[in-house]
Amino acid sequence: MSLEDTISTFSTPVGESGIGIVRMSGERSFSIAKKIFRSPQGKKIDWTSSFRTHYGWIVDPEAEKPVDEVLLTLMRAPKTYTREDIVEINCHGGPIPLRKSLELTLKFGARLAEPGEFTKRAFLKGRIDLSQAESVLDIVQAKTEKDLEIAVHQLKGDLSGKIDGIKKKMVDLLSYLEAEIDFSYEDIVLPTSQEKESQLKQILRMIDSLLEIGKTSRIYRQGLKTVIIGKSNVGKSSLLNTLLQKERAIVSRSPGTTRDTIEEMIIIKGFPLWIIDTAGLREVESQVEKEAVRRTRSKIEEANIILLVVDGSCPLGREDESIFRKIEKKKTLVVINKVDLPQKVDQERIRYFFPCQQMVEISATQEINLAQLKEEIANFALKEATLPTSNPLIITLRQQCALELTKQHVNRALGGLRKKFSEELIALDLKEGISRLGEITGEVVTDEILDQIFSHFCIGK
Ligand SMILES: Nc1nc2c(ncn2[C@@H]2O[C@H](COP(=O)(O)OP(=O)(O)OP(=O)(O)O)[C@@H](O)[C@H]2O)c(=O)[nH]1
Ligand SMILES: [Mg+2]
């Protein structure tokens, strides 16, 4: 894959829509466009202009046959997404005009772009660093407004700024160590061992705080696991369906309907929540149901929040109480369902098990009190999630590994300093650490890592 190539592909999904875009980037974009674009009545186009849109037709020049009526936008390097010449062809949004226009760009010298190749060029040409390139993917995939907000901040360079701050401290310290190694700098006042130790500790604190922000911010991306549990037939699947506002799970009058766990994401007050419907917990004979109950139990262990559903129209049974005893109280929100029916449940008895817990009375099928339930779920989410103390930052696994490796090297440098190892050895660890940090912003990066990152992008981004 060469940077010299001019690349071209669809930048919008191929389907029926208002418009569809074919985008080219590279040195030959303008010359290819010249070959396949015609303005009405042969009107002259200023091909030296930039960020100009022209009306006209894409034609197959061999037969001068019109393919589609389009708008053509010319963007001159270097002030473009890729820092290369870019041409965008706004076709009618149908698969055939799009495909035909793309085929013509390929026929006249472009190569089909790989997924993420436009953003990869933006990185390779130095317009953005690697963490910013990764945030482009996050913007495209954002599931909530908060998620989008974080990704936009990262694109603007929030994470890069923090990494640069740590790196600067490390580079400063390294330059002192190197001055000590190299006696020609004898006239410089060098930090004492204690000062060096305190600088290393400060670097460690900065790394730890970044790792912590990353850990707590993950909730905005991954969502909290909210597991619906309860005896059979209390209305767990009905609750899932109402929360999702779609008939996702099968609901039926016979107990033991749900066998496998069902997971779906919903957003409540900006929080992404995985809502997980489970098989009712009960004593069962058959192998399949035993497996279903085993799965429910494992979901309970993973849960951040448990929605414990009780059927308000039935007296409490032995099975309810055996569930009450098994679950972790502080994670649990008690939901009394079927309030549209005459109530037979002993709420005092439930209180005995959950003295401090909020109880919400709802009807899943009649949609009674759902707003209050959502409010309570959001309150629970706020309590359960440790929210970042400063502006959230999403740190990918790759970035986290690089930070942890940096931390290891800084720790080794600190250990070396305390054991009075030579400056050379300490400097070596600092250099290694700096290079690990460089992997985050992409100063030090292998082709393999780049391929790994950009292969997750969609075509045309
Ligand atoms: N009247 C009334 N009926 C409800 C309500 N919620 C659920 N039901 C009914 O209760 C029965 C069981 O509902 P499900 O949602 O399948 O119960 P479940 O807890 O998922 O059951 P299993 O999957 O078998 O454990 C169905 O007939 C529902 O229509 C409610 O709020 N009011
Ligand atoms: Mg069910």
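A quick note: this is a predicted structure, and the numbers were derived from the prediction, not measured.

Calculation notes
- Residues numbered from 1 in each chain as written.
- Chains lettered and ligands numbered in written order.
- Predicted model: local features only at pLDDT ≥ 70, side-chain atom pairs only at ≥ 80, totals over all residues.
- Heavy atoms only, no water.
- Axes fitted to C-alpha atoms, helices over the stretch in contact; angles between N-to-C directions.
- Helix = DSSP H or I, 4+ residues; strand = E, 2+ residues; numbered from the N terminus.
- Parallel < 35°, antiparallel > 145°, perpendicular 65-115°, else oblique.
- Contact = heavy atoms within 4.5 Å.
- Nonpolar A, V, L, I, M, F, W, Y, C, P; charged D, E, K, R; others polar.
- Expected span 1.5 Å × (residues − 1).
- Buried < 20%, exposed > 50% of the residue type's maximum accessible area, 1.4 Å probe, protein only.
- Arc of directions from axis to C-beta.
- Near = heavy atom within 4 Å.
- Polar contact = N/O pair within 3.5 Å; in protein donor to acceptor, adjacent residues only side chain to side chain.
- Areas by Shrake-Rupley, 256 points an atom, 1.4 Å probe, with all protein chains shown as cover.
- Pairing = 2+ DSSP bridges.

As for the packing of helix α14 (residues 397-418) against helix α15 (residues 423-441)
Each pair of packed helices gets described by two things: the angle between the helix axes and the distance between those axes. Packing of α14 against α15 leaves a shortest axis separation of 8 Å and a crossing angle of 170°. In terms of their interaxial angle, α14 and α15 are classed as roughly antiparallel. Residue-level contacts link Arg-398, Gln-399, Ala-402, Leu-403, Leu-405, Thr-406, His-409, Arg-412, Ala-413, Gly-416 and Leu-417 of α14 to Ile-426, Asp-429, Glu-432, Gly-433, Arg-436, Leu-437, Glu-439 and Ile-440 of α15. Residues that form the contact of α14 with α15 fall into these classes: 8 nonpolar, 5 polar and 6 charged.

Points about helix α2 (residues 95-107)
For α2, which comprises 13 residues, the first-to-last C-alpha distance of 18 Å matches the rise-based estimate of 18 Å (1.5 Å per residue) to within 8%. Restricting attention to buried positions, one finds in α2 the residues Leu-98, Ser-101, Leu-102, Leu-104 and Thr-105. In an axial view of α2, the angular spread of the buried residues amounts to 155°, which keeps them on one side of the axis. Backbone geometry just downstream of α2 places Gly-109 in the positive-phi region, at approximately 125°.

Observations regarding the site of ligand 1
Taken together, 23 residues form the shell around ligand 1, and within it Lys-236, Ser-238, Gly-256, Thr-257 and Thr-258 come nearest. In this structure, an oxygen atom belonging to ligand 1 sits 2.8 Å away from a side-chain N or O atom of Lys-236. For ligand 1, whose free accessible area comes to 650 Å², the fraction covered by protein is 89%. When residues of the shell around ligand 1 are assigned to their parent elements, the largest contribution, 3 residues, is made by helix α9 (residues 236-244).

Some remarks on the pairing of strand β2 (residues 17-25)
Judged from the 4 bridges that link them, strand β1 (residues 7-10) and β2 form a sheet pairing that is antiparallel. Note on β2: the bridge partner recorded for Thr-9 is Arg-23. In this antiparallel pair of consecutive strands, β1 and β2, the connection spans 6 residues. For β2 and strand β6 (residues 86-93), the ladder comprises 8 bridges, and the chain directions are antiparallel. By the bridge assignment for β6, Ile-19 is matched with His-92.

Read these as geometric descriptors, not functional statements.
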